[in-house]
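Remarks on the overall topology
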Amino acid sequence: MECIRSAVGRYRAIGALSPSARAFTLVELLVVIAIIALLAAIIFPVFAQVRGKARQTVCLSNLKQIGLGVQMYTQDYDGLLPFGKDASDTFVPEMWAFAPEECRAYIDAMPMLHPVPEKTAALMTRPAFYRTGILDPYLKSWDIWKCAGDTGFDTLDNNSSCNGPCAMPARPTMFEKYGASYLVRTALAIGRANIDTLEGVDFNGQPAGPAQINLLFDGAGSWHGNASFFTNSGLKYVTLFVDGHAKLLTNQQYQEAWAVRITGQGSGPCP
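Before going into details, it helps to say that this report is about the structure given with it. Nothing here was measured: the structure is a model prediction, and the numbers come from that model. (Residues numbered from 1 in each chain as written. Predicted model: local features only at pLDDT ≥ 70, side-chain atom pairs only at ≥ 80, totals over all residues. Heavy atoms only, no water.)

1. Structural notes on the overall build of the chain
Per the secondary structure count, the chain includes eight helices and nine strands. Every one of the 271 residues in the chain was classed for burial, and the buried ones make up 40%. Sequence-distant contacts, at least 24 apart, represent 65% of the contacts inside the chain between residues at least 6 apart. Surface summary for the chain: the accessible area is close to 15300 Å², and the carbon and sulfur share equals 61%. (Helix = DSSP H or I, 4+ residues; strand = E, 2+ residues; numbered from the N terminus. Buried < 20%, exposed > 50% of the residue type's maximum accessible area, 1.4 Å probe, protein only. Contact = heavy atoms within 4.5 Å. Areas by Shrake-Rupley, 256 points an atom, 1.4 Å probe, with all protein chains shown as cover.)

2. A few points about the sheet that holds strand E5 (residues 207-208)
One open sheet holds the three strands; their spatial order is E5-E4-E9, and the pairing between them is antiparallel. Two strands close off the open sheet at either side, each with one partner strand: E5 and strand E9 (261-263). The sheet contact formed by strand E4 (residues 199-201) and E9 spans three bridges and is antiparallel. Across the sheet, residue Glu199 finds its bridge partner in E9, namely Thr263. (Pairing = 2+ DSSP bridges.)

3. A look at the sheet that holds strand E8 (residues 246-250)
Here four strands make up an open sheet; going across it, the order is E3-E6-E7-E8 and the pairing antiparallel. Only two strands of the sheet have a single partner each, and these edge strands are strand E3 (182-184) and E8. Neighbour to neighbour, the strand axes of the sheet diverge by 30° on average, direction disregarded. Bridging between E3 and strand E6 (residues 214-218) involves three bridges; their strand directions are antiparallel. What sits directly across from Val184, in E6, is Leu216. Of the strands in this sheet, E6, strand E7 (236-241) and E8 are in contact with helix H8 (residues 251-258), which crosses E8 at around 110°. (Axes fitted to C-alpha atoms, helices over the stretch in contact; angles between N-to-C directions.)

4. A word on empty space enclosed by the protein
For the structure on display, the rule yields one cavity of 30 Å³ or more. In this structure, the largest cavity spans a volume of roughly 60 Å³. What lines the largest cavity is simply Val70, Leu81, Pro82, Leu113, Leu135, Val184, Arg185, Leu188, Ala189, Leu215 and Leu216. The set of elements that each furnish at least two residues to the lining of the largest cavity consists of helix H7 (186-190) and E6. Residue composition of the lining of the largest cavity, grouped by class: ten nonpolar, no polar and one charged. (1 Å grid on protein atoms, 1.4 Å probe; cavity = no way out; pocket = protein on both sides within 12 Å on 5 of 7 lines; lining within 4 Å. Points joined across faces, edges and corners; volume = space filled by probe spheres on them. Nonpolar A, V, L, I, M, F, W, Y, C, P; charged D, E, K, R; others polar.)

5. Section: the side chain of Asp86
Within the secondary structure, Asp86 sits in the loop between helix H2 (26-76) and helix H3 (87-91). For the buried residue Asp86, which engages in no salt bridge, the nearest side chain bearing the opposite charge is Lys85, 8.6 Å off. There is a polar contact of 3.0 Å between the side chain of Asp86 and the backbone nitrogen of Asp89. If we ignore the near neighbours within four places in the chain, the residues touching Asp86 are Met112, His114, Tyr182, Leu183, Val184 and Thr186. (Lys, Arg positive; Asp, Glu negative; His and termini not counted. Salt bridge = Lys/Arg side-chain N within 4 Å of Asp/Glu carboxyl O. Polar contact = N/O pair within 3.5 Å; in protein donor to acceptor, adjacent residues only side chain to side chain.)

6. A word on the nonpolar core
Ranked by internal contacts, the top residues of the largest apolar core, which has 63 residues, are Ile66, Leu135, Trp145, Leu188 and Leu216. Apart from residues no more than four positions distant in its own chain, Leu216 is found in contact with Leu63, Ile66, Leu113, Trp145, Tyr182, Leu183, Val184, Val238, Thr239 and Leu240. (Core = buried A, V, L, I, M, F, W, Y, C linked by side-chain atoms within 4.5 Å.)

7. A few points about the pairing of E7
Counting buried positions along E7 gives five out of six residues, so the element sits mostly inside the fold. Sheet topology places E6 next to E7; three bridges connect them, and they run antiparallel. Paired with Leu216 across the bridge in E7 is Leu240. Bridge count between E7 and E8: five bridges; the pairing is antiparallel. When the bridges of E8 are listed, Tyr237 appears paired with Leu249. Taking the residues between adjacent antiparallel strands as the criterion, E7 and E8 are bridged by four residues, where Gly244 takes a positive phi near 105°.

8. Things to note about H8
Those residues of H8 that fall on the buried side of the exposure criterion are Asn251, Tyr254 and Ala257. For H8, the arc enclosing every buried residue in end-on projection is 120°, short of the 170-degree limit, so these residues lie on one face. Looking at the buried side of H8, the elements it contacts are E6, E7 and E8. (Arc of directions from axis to C-beta.)

This is the structure:
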């Protein structure tokens, strides 16, 4: 009996702990949860921004390396910019619907700037012809065509020449579907533009050179920017210019680059 009374005494002593050791109340738990949620709301966007900047850096690096490949190509071809097209030229022929038939045939016969995955190439008229890109000899790896921010898309946000946005399913990513995350200013290839003599006029009527003329750019502006149903103002594009430098452009800067009218190009079948 004495043992039992001793055990009961110890149990009661344990139950009579100080107020500081008691369980949390519901209010206290809710306060802690609210604090954790607030901290998460502050920290997670910061992490997302850091990851986004890292992806931008990778894309910029890749385009700069492609730019070096372009420079080597021009040295081998007397200054001519690469004679190659991108996936949109091939898989969205509606873009060229109003061009002369000779122009459309010319574009169809052009080689690709980059390799095309075997499954996608099989859908083209000459599969083997498109499994290599004309810049392959100047680049170390096919992966250089992959933008780290590439999440794919369903329509081209930079082209509405198809009586509205041009449909171009690019899933799961543009790189996996078409072999590159980037599009090219094909008109430079069609016009046989020469890097040594290339000139243009910007939207203000001022002279523009290779440093103001866009050559390659992200397939979608939402990868590094914010897409909106109402406006494209939040879109951003990692862009390579003809002179070899690359930078992240706001949508306005991107449109200004496109607004540069090319002059001094060689003759070609397309207007």
